[in-house]
Amino acid sequence: RQTPVSMANDKQPATSRWDEKKEDLSAKTRNGFEQWVKRKDTFERGCRLLDALDVSRWDDPAKFRDVIVALAAVDQSLRTEAGPGESEEEVPHGGDRPRQTCAPPPLDGVRGTRRSVFEVFRRRATRDVTFTDVTLTAANERSLSDALTQQLVRDEAGRLVMPTLRYAWPAQQHSGTVAPAVGHLTADQRAQNAIFLRHCRTMWREAQREARTRLGRALADAGAVDRNRAAAAGLRALGIGQLAAWVETDSEIQRVAARDAMREREEKARVTHARFVKRKDRTRLRVPVTEASQPAPPIPRLDLSRGENGPTRPRVERALSTALDLARGQGLVWVHALGRGAPGRDGDLERSRRQLLARGHVLRANFDATRDATDEDFDADRFEEIHEKYTAARRRAARARRIDARREFERWSAARRGRARALDCLRALQPPAHMAAEAGAAAALRYWRRIGGLLKAVDGGLLGDWVEWSQLGGNDSAAGVTRASDVFEWAQPLKAPASPANATAVWCALAPRGCDVSRHPSCGGVSALRASLVKVLGSSCDLASAFERLRKRLAASGGDVPPTVTALDLRRCCHEGGLALSREEARQLIDCVDAYSGYGTAPFDEISALLATPVRPGGVRRALRRLTHFEATCPETGMPNAFRVTASPARVRAGPCEVDVTLANGEVRRRWTNPERTARIELLCRIGMVSKSLAHHDIETLCPLPHDLRCALPHDLASELPDSRSISAAALSGTSEPRSDLAAYSAWFSASDVPPASSQAEAFGVWGAPRRAALDALLAVSDNARKEARLRLALARGTPPAAPDLWAAGPDELRAEGAPSDALLSRLPPPGGAGG
């Protein structure tokens, strides 16, 4: 159906030639645009394919030449598809872009305007290509400097050959700089760039000729009738088709390489994982059911036996040293150790297995050295031997622990009952004020010292009760009347400084006197040696293996026989076992074992037996009870911190109150004497406890008491007992001959001031014979007083007896054999009555 407008147009003929020309121009423009779009698509596809090629094609000379030929074919196809107004000339020798009668639109708006395939190739070559063995012309040789030409070689024709030729770019500006410096190219670099570009043009011309040659062969083989269409198809096959085939081939090669690399990584990961699993299986440890299900230790109970100090809860902590300690109580049946040991050094696996063996758990899974052992590799006889050995050892150790625990509990219970009985005796005894009123002040002082000596021999924690009892006055000792005064009133006539403040000094001097290791807390002071020993013994670190390695090192070094350990060796050994010791702590431990022998070292066997022997929780106190060492504690007065010993002092000369001794290994020990020790000795002398270190004139000047009230220091419990023949003197005093020569320490000790080999605290024990003898003496002294106290209590709180029932013997009873001749009267107490 036609509209009126269309019908009118059909009726109007084309009378103007301008209209025909306009139609021809529009068709030509439309055809040119289509040709431009087609060329643009071909150009962009060639650029994309060129970017997608593998980089290895630019490094291989043969493949690189084929790539240039393909690009030349793409460039020739673009000219073949050009319109009638476009030039089809080759790139001239000067390298300029070919002249065109009618410039086409831009080929690629993204990459810029008016670009050709040759420019794309040249740009890519300047960035990624390095030419090798480039022959230089005479003009190129003249453009280079003499210094560069002298480094080059010539071929057989006498022309210079450049081994490598690469395009040089100027240095780029760095962002963020205030005044960036742009590096300029040298003359040789500019000349080499010109040679590089000319070589690119030469290779491009050769590639164009090779592309025409290959196209001619393709046309000859095809024998096509339409030569233009066959030429276009051949150029597409040589250019875009070849690039697309190479891209596909490179992609397949990259996929295969990536797949092979992935397989190689997977195989490597599989081998690595297998090694890891094998290594982990070698460290696998079987945890017994009793260890896996063992619950956490309960919270320690409150200790209510501290008296006025209040309830306390002992804190017992053990460091986790092995993987078995971490897995204990977690319900794990299998656990992997942190590592195996090296030759001469035990690892976590060996330490964990040794812990299980020590507890008597001998499992077959832990017996094999490796996890891949078969039944034939398993030694059943040896397994049974080790199982029986460790199981029997575990049973013996458990039985010994039960016996020791029962014995210690019995001793503790006896000591507790003895303390309670001693307090009952003290409450029943008359105070010193009552004794002074009856027998005089001298008898009261002697009585006061004797009761104090017996109380301390029973329990060292009765100092407060003794002082409180000493302050009671008057005849009514149960009334609790106290008089607050510096000096006891009953001691003022003797001019003796017996006061509550000085009672602590007297208490420390009484037997038993402790040392630095076993000193009672009532004497005060802090023992650094005891703290060091508790740190090592209570650390629960496995020092046995560390001491074994130390023994091997000492044996390999060819030192003393038997081997000795220095403080440095001890620090290193404890550090390997997981325990850090300071220099002073190591020195204290070495001197404790050395026992004033003067060598400055400790025998390996003795210090290993002391520190490397495992100590169970709660056994540290029993282990320390067997040690004796006097370093800071005065063995005569029992004063804590009376001395201070330092090793290798900083000052060369000794100061006041300081004495130096040189040991056999060249080390220097400096001992400082506390001036308070002299004041303590003078105070005890005024109370009647005379030290042997005082001169006779000083004793007579200081002590106002008569000779019968004086006693010699150190105090001896035998002087307070009525009959000590059943107990040896060594058991009462704790003194014996020194176990080592004190010649090296002669500057420290005199003949009367030699420290004993064993302290009195060790001899007295928890509830030894001296303590029982002291309690018996205290019971004997307070016998009458306790009877009187019981009588007074019966009179105060008792009830009178009921009326008795009287009966008379009959004639038959009187005539019986053995019957009295007189009348016999007998009284029977009523049922439930209190009479007798």
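Report on the accompanying structure. Being a predicted model, the structure only gives us computed values, none of them experimental. (Residues numbered from 1 in each chain as written. Predicted model: local features only at pLDDT ≥ 70, side-chain atom pairs only at ≥ 80, totals over all residues. Heavy atoms only, no water.)

## A look at the packing of aromatic side chains
- Per the stated rule, a full pass over the model turns up 22 aromatic pairs.
- The interplanar angle of 75 degrees and the centroid separation of 6.3 Å between the aromatic rings of tryptophan 748 and phenylalanine 749 together place this pair among those described as edge-to-face. Across this residue pair, the class does not change: tryptophan 748 and phenylalanine 749 are buried.
- Through successive ring pairs, a cluster of aromatic residues spans Trp58, Phe64, Phe118, Phe121, Phe131, Tyr167, Trp169, Phe196 and Trp204.
- If you follow arginine 671 out to its NZ or CZ, it ends over the ring of phenylalanine 643, 4.0 Å from the centre. (Phe/Tyr/Trp six-rings, centres within 6.5 Å; stacked < 30°, edge-to-face > 60°. Buried < 20%, exposed > 50% of the residue type's maximum accessible area, 1.4 Å probe, protein only. Lys NZ or Arg CZ within 6 Å of the ring centre and 35° of its normal.)

## Some thoughts on the environment of leucine 49
- Within the secondary structure, leucine 49 is located in helix H2 (residues 17-52).
- C-alpha separation for the pair leucine 49 and valine 247, spaced 198 residues apart in sequence, amounts to 6.6 Å.
- Those residues in contact with leucine 49, other than ones at most four positions away along the chain, are Ile240, Leu243, Ala244 and Val247. (Helix = DSSP H or I, 4+ residues; strand = E, 2+ residues; numbered from the N terminus. Contact = heavy atoms within 4.5 Å.)

## Describing the sheet that holds strand S3 (residues 160-166)
- Strand order in the open sheet formed by 3 strands is S1-S3-S2, and the pairing between neighbours is antiparallel. Only two strands of the sheet have a single partner each, and these edge strands are strand S1 (130-135) and strand S2 (153-154).
- Where S1 and S3 come together, 5 bridges link them in antiparallel fashion. Bridge pairing in S3 links threonine 132 to threonine 164. (Pairing = 2+ DSSP bridges.)

## A look at the packing of helix H15 (residues 432-439) against helix H16 (residues 441-458)
- The interhelical angle for the contact between H15 and H16, taken along N-to-C directions, is 145 degrees, at an axis separation of 7 Å. For the crossing formed where H15 meets H16, the hand is right-handed. Residues Pro432, Met435, Ala436 and Ala439 of H15 touch H16, and the partners they reach there are Ala441, Ala443, Ala444, Tyr447 and Trp448.
- When its residues are assigned to classes, the contact of H15 with H16 shows 9 nonpolar, no polar and no charged. (Axes fitted to C-alpha atoms, helices over the stretch in contact; angles between N-to-C directions. Left-handed = near helix turned anticlockwise from the far one by under 90°. Nonpolar A, V, L, I, M, F, W, Y, C, P; charged D, E, K, R; others polar.)

## Examining the pairing of strand S9 (residues 658-662)
- Here S9 pairs with strand S10 (residues 668-673) via 5 bridges, running antiparallel. Bridge assignment links threonine 662 to a residue of S10, and that residue is valine 668.
- Linking S9 back to S10 in an antiparallel pair, the connection comprises 5 residues, with glycine 666 at a positive phi of about 90 degrees.

Function-wise, these values are silent; they only describe arrangement.
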